[in-house]
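What the coordinates show
Chain residues, written in single-letter form:
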Amino acid sequence: MLPLAPGSRVVIRDEEWLVRRIDPATDGGWLLTCDGISELVRSQSALFLTTLEDGIAVLDPEKTELVPDDTPPTTPASCTWKACADVTSPTTPRCTWATVG
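One structure accompanies this document, and this report is about it.

What counts, and at which threshold
- Residues numbered from 1 in each chain as written.
- Predicted model: local features only at pLDDT ≥ 70, side-chain atom pairs only at ≥ 80, totals over all residues.
- Heavy atoms only, no water.
- Salt bridge = Lys/Arg side-chain N within 4 Å of Asp/Glu carboxyl O.
- Buried < 20%, exposed > 50% of the residue type's maximum accessible area, 1.4 Å probe, protein only.
- Helix = DSSP H or I, 4+ residues; strand = E, 2+ residues; numbered from the N terminus.
- Phe/Tyr/Trp six-rings, centres within 6.5 Å; stacked < 30°, edge-to-face > 60°.

Taken as a whole, this structure holds four salt bridges when the rule is applied. Across the salt bridge formed by Glu16 and Arg9, the nearest N and O atoms sit 3.0 Å from each other. Glu16 gets classed as partly exposed once you look at its relative accessible area, which sits at 22%. Under the relative-accessibility criterion, Arg9 is labelled partly exposed at 42%. One salt bridge in this structure joins Glu53 and Arg13, with 2.6 Å as the shortest N-O distance. Linking Glu53 in the loop between β4 (45–49) and β5 (56–58) with Arg13 in the loop between β1 (9–12) and β2 (15–24), this pair joins segments that are 40 residues apart in sequence. Since its relative accessible area comes to 14%, Glu53 is described here as buried.

In structure tokens:
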């Protein structure tokens, strides 16, 4: 049996996946229900049979290397989010005034 549990991160076919479910398969292996994490498969779901996959690497969270984020605090994505937030109406029942300047 693989040292897997739901929530494990694995590398299958050179892409990183998050294991959501593990079910016994009729061929004696396991059926992994996974969600993509790496860039190519992000937001994709997939099913893998452990008997058909050559190499399933389980990522060990203890070996995670933390690196500082050197990106500038203002990115195009954060500017887009801020612009959307600025045009959204307040959701409070009170009257809200804004001043510019």
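From this point on, the discussion continues.
Applying the stated criterion to the full structure yields one aromatic pair. Ring centres of Trp17 and Phe48 lie 5.1 Å apart, and the angle between their planes is 75°; this geometry places the pair in the edge-to-face category. Of this pair, Trp17 sits in strand β2 while Phe48 sits in strand β4, and the two are 31 residues apart along the sequence. With a relative accessible area of 3%, Phe48 lands in the buried category.

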